[in-house]
Every structure is written in structure tokens, then in C-alpha cells.
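Per-entry structural report
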Amino acid sequence: MAATEHGTYIHQVFGHQDAVLTAIMPRAVAAGLPAISVAPEVGRLLQLLATLARGERPGVVVEVGTLGGYSAIWLARGLGGGGKVVTIEADPRHAAFAAAEFKAAGVADRVEQVVAKGLEALPALAKRLGPASIDMLFLDAIKVEYAAYLAAAEPMLRDGSLVVADNALGTGSWWVTDAADPAHPQAADRAAMDTFNRKMATDPRYITTCIPMGHGVLVARRVGIKETRA
Ligand code: SAH
Ligand code: DHB
Ligand code: MG
């Protein structure tokens, strides 16, 4: 798989952003953070999905993988008054950088940061927030851990909530459609993402698809008891 003409078009037409968002990743890279945020068109998709997931509710979104706060700010802009993004980050330097960005973007009151590994933070968060407490889960940290993040977060998902995962189709180093190559340094990531996609595609508790934007965005809706899927 390669970047497509349609992908370029979507980036040009739907990848616009304001000065606050434009400034974040250049500043992050200058501070030594890796340039691996979602693309602007994916950021807008996250904002859109957060608005759809919350409906008329204020909205509670949990993100795993804060980096410089870029995606969390898009998510925060999809919330209503009183809503919040809880964003989990293992690297304290990334979290500290993001904290300043949340202040600069004017969303610090709507963002709660948890500085811990996703697999440690999620069970505690599930206890604290309680069952059926969140509208959307966004996964963007360690690829081989996505399935475990989802398992730990599952009690927090209400019927109708969304599970969204970045890198469903790849990263800057691999595509999920690449031939399996055990010598590739990210072979385990590619295989894990393929397995995660296929499991979500057929899990009767979700209606799932993949949007081929950026590096691919898996979108799954937790199916309610009154709904059915084909
Ligand atoms: N969502 C961000 C990009 C995240 S990049 C954006 O689009 O702006 C992935 C991030 O996950 C990095 O900051 C990395 O430090 C963090 N990370 C790595 N291992 C982690 C773990 N076990 N738990 C939580 N975050 C982790
Ligand atoms: C890369 C991209 C990502 O979106 C991510 O979450 C991690 C790594 C990359 O291009 O290497
Ligand atoms: Mg990503």
C-alpha cells in the first residue's frame, strides 16, 4: 500500500487546522518528541467521532498515548460543556510537554492526564469511572497492546460508545498489507494489528470498519442490546 491520490486530496481539503493546532507538532519535534501524531484530517475525524459518540451528553473520552497532546486537543474540541478527555501517557516528558499545550489551547479544564502505562492505568480508571461510563476510547500507544487496552477498558464502554484505533493500516515503517517478514523490526506490530482488525471485524459486540485516512483508523461501535449487526 502507498499514499493514494484520494488520501492526498482528503489531506488538502479536510486537513486544515487553526494556528493553535498547527504550532504543536513543530514545537514538539523541537523539544525532542517524535513526529508521530495523527494527521490533521484524522484529528478532525476524531473530533467528529467524539461529537457523534456523545450525542447530547457532555462526553467522556479515554485516550491511550498522549504524545504532545495534538489528538487530545482535537478530541477535547468534540466535547460539550462539562465533558472530559482522560489521556494516558507512559513517558513523563511527553506528558509534561502536553500539559503546557493543553493550557495554551485553552482545554486544560477539559483534559485529565494520567502518567502511567496504559495497561496499568486502565484497570484503575475503570474502577474509578465505573461501568458504562465513557463515550469513546481512542487507542494510539503500543500496537501489540491494543487488544489488551480494549479488554481493560471494556467495562467502561456503554452501549453505543465508540472504539477508535489509529494505525489500523500501518505506520511510517510498515503497512498491514506487507508480506509477513520475521526479519522486519516491527513484524510483531504488523501481525498484531492484522489480528486486532480481523478480530474486531467479526466480534458480534461491535459494528466495525476501517477508514483509510492517514495510517488507517479503525472505528467500532459497541452494539446495544436492541441493535443487530449483519
Ligand atoms: N495520540 C498522539 C500520538 C501518540 S504516539 C497524537 O496523535 O497526537 C504514542 C504515544 O504513546 C507516545 O507518546 C508514547 O510515549 C506513548 N506510549 C508508549 N508506550 C505507552 C504505554 N504503555 N502506555 C501509554 N502510552 C504509551
Ligand atoms: C508511527 C505512527 C503512529 O501513528 C504511531 O502511533 C506510532 C508510530 C510511525 O510512523 O512510526
Ligand atoms: Mg498513531
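So, here is what we can say about the structure in this document. These figures come from a predicted structure and were not determined experimentally.

1. Digging into the sheet that holds strand 2 (residues 84-89)
Here seven strands make up an open sheet; going across it, the order is 3-2-1-4-5-7-6 and the pairing mixed. Of all strands in the sheet, those bounded by a partner on one side alone are strand 3 (111-115) and strand 6 (206-211). Each strand of the sheet is rotated relative to its neighbour by a mean of 15 degrees, with strand direction disregarded. Direction of pairing for strand 6 relative to strand 7 (residues 217-222): antiparallel, over a ladder of six bridges. The residue of strand 7 that forms the bridge with Tyr206 is Arg222. Of the strands in this sheet, strand 2 and strand 3 touch helix 5 (residues 92-104), which is tilted by about 170 degrees from strand 3. Most of the contacts of helix 8 (residues 187-202) go to strand 7, to which it runs at about 30 degrees, and overall it touches strand 4 (134-139), strand 5 (157-166), strand 6 and strand 7.

2. A short note on the environment of Ala187
Looking at the element boundaries, Ala187 is found in helix 8. On the basis of relative accessibility, which here comes to 21%, the residue Ala187 falls in the partly exposed class. Between the alpha carbons of Ala187 and Ile207 there is a distance of 27 Å; along the sequence they are 20 residues apart. Discounting chain neighbours no more than four positions away, the residues touching Ala187 are Asp181 and Pro182.

What counts, and at which threshold
Residues numbered from 1 in each chain as written. Chains lettered and ligands numbered in written order. Predicted model: local features only at pLDDT ≥ 70, side-chain atom pairs only at ≥ 80, totals over all residues. Heavy atoms only, no water. Pairing = 2+ DSSP bridges. Helix = DSSP H or I, 4+ residues; strand = E, 2+ residues; numbered from the N terminus. Axes fitted to C-alpha atoms, helices over the stretch in contact; angles between N-to-C directions. Contact = heavy atoms within 4.5 Å. Buried < 20%, exposed > 50% of the residue type's maximum accessible area, 1.4 Å probe, protein only.

Limitation: the analysis is restricted to geometry and does not speak to function.
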